[in-house]
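Analysis of the macromolecular model
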Amino acid sequence: MNDFSGSSAARPAPVVLDVWCELQCPDCRDALTDLSALRARYGDRLDLRLRHFPLEKHKHAFAAAQAAEEAAEQGRAWPYVEAVLGRVEELDRGGEAFLVEVARELGLDAEEFDTALIDGRHILIVDADQAEGKAIGVTGTPTYVIGGERLDGGKSQDGLRERIEEIADRLLAEQA
């Protein structure tokens, strides 16, 4: 691959921020502002990775996680996640039909969403995320993991964005 940037130095790898999230969780909806601010500040220097941690108390959370994986398959993971989280109450009422409707509103292949929810093609990804989350001590959402440090946003999100920025800045400086 040719480097047309004029620089011969390889670009440092982005810092990874795993976001353990559940799409029926009001706390995760509240975290969207912080996630948008982090994306705006770091751009492609921060790799925000959605990790699924559906909670049993929310009956549509597992289906929503599968739908988010279908959105990722269709190239629109974060717009879909943001659209669903922004309307948590509608997900509570509408369930899978709402998940398919959001896909349609975003111009995604809604029929494929419906099929994916029926055939369960994304269940293994959701199960693996949930198992990994439990293994590292995730108990609620949102939970962030960056630079090996776990930050629990389910109880309070106060100061979390600042802490994430401190860690990201340190990790990026170490790469320089």
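Here the structure is shown first, and the text comes after it.
Below: a short report on this structure. (Residues numbered from 1 in each chain as written. Predicted model: local features only at pLDDT ≥ 70, side-chain atom pairs only at ≥ 80, totals over all residues. Heavy atoms only, no water.)

Digging into the pattern of salt bridges
- Here the structure, examined in full by the defined rule, presents 21 salt bridges.
- In this structure, E132 engages R51 in a salt bridge whose closest nitrogen and oxygen atoms are separated by 2.6 Å. Pair noted here: E132 is in helix α6 (residues 123-135) and R51 is in strand β2 (residues 46-52), with a separation of 81 residues, a long-range link.
- Since its relative accessible area comes to 36%, E132 is described here as partly exposed.
- The buried category is assigned to R51, whose relative accessible area is 9%. (Salt bridge = Lys/Arg side-chain N within 4 Å of Asp/Glu carboxyl O. Helix = DSSP H or I, 4+ residues; strand = E, 2+ residues; numbered from the N terminus. Buried < 20%, exposed > 50% of the residue type's maximum accessible area, 1.4 Å probe, protein only.)

A closer look at the pairing of strand β1 (residues 15-21)
- Summarising burial for β1: six of the seven residues are buried, a large majority.
- Looking at chain direction, β1 and β2 are connected through seven bridges and run parallel. When the bridges of β2 are listed, W20 appears paired with R51.
- Between β1 and its parallel partner β2, the chain crosses via helix α1 (residues 26-42), and the hand of that crossover is right-handed.
- Pairing of β1 with strand β3 (residues 143-146) involves four bridges; the strand directions are antiparallel. From the neighbouring strand, D18 faces β3, where its bridge partner is V145. (Pairing = 2+ DSSP bridges. Right-handed = clockwise from strand over helix to strand, strands pointing away.)

A short note on the packing of helix α2 (residues 61-73) against helix α5 (residues 110-119)
- The geometry of α2 relative to α5 is characterised by a closest axis approach of 10 Å and an angle of 135° between their N-to-C directions. It follows that α2 is oblique to α5 by the angle criterion. You can see that α2 and α5 cross each other, and the crossing is right-handed. Counted together, A63, Q66, A67, E70 and A71 of α2 and E112, F113, A116 and L117 of α5 form the full contact between these two elements. (Axes fitted to C-alpha atoms, helices over the stretch in contact; angles between N-to-C directions. Parallel < 35°, antiparallel > 145°, perpendicular 65-115°, else oblique. Left-handed = near helix turned anticlockwise from the far one by under 90°. Contact = heavy atoms within 4.5 Å.)

A short note on the nonpolar core
- Core analysis: the largest hydrophobic core is formed by 45 residues, its most contacted members being L17, Y80, Y144 and I146.
- Residues contacting L17, with those up to four places away along its chain left out, are L38, L46, D47, L48, R49, Y144, V145, I146 and I164.
- Of all hydrophobic cores here, the second largest spans five residues; its members include W20, F53, L55 and V145. (Core = buried A, V, L, I, M, F, W, Y, C linked by side-chain atoms within 4.5 Å.)

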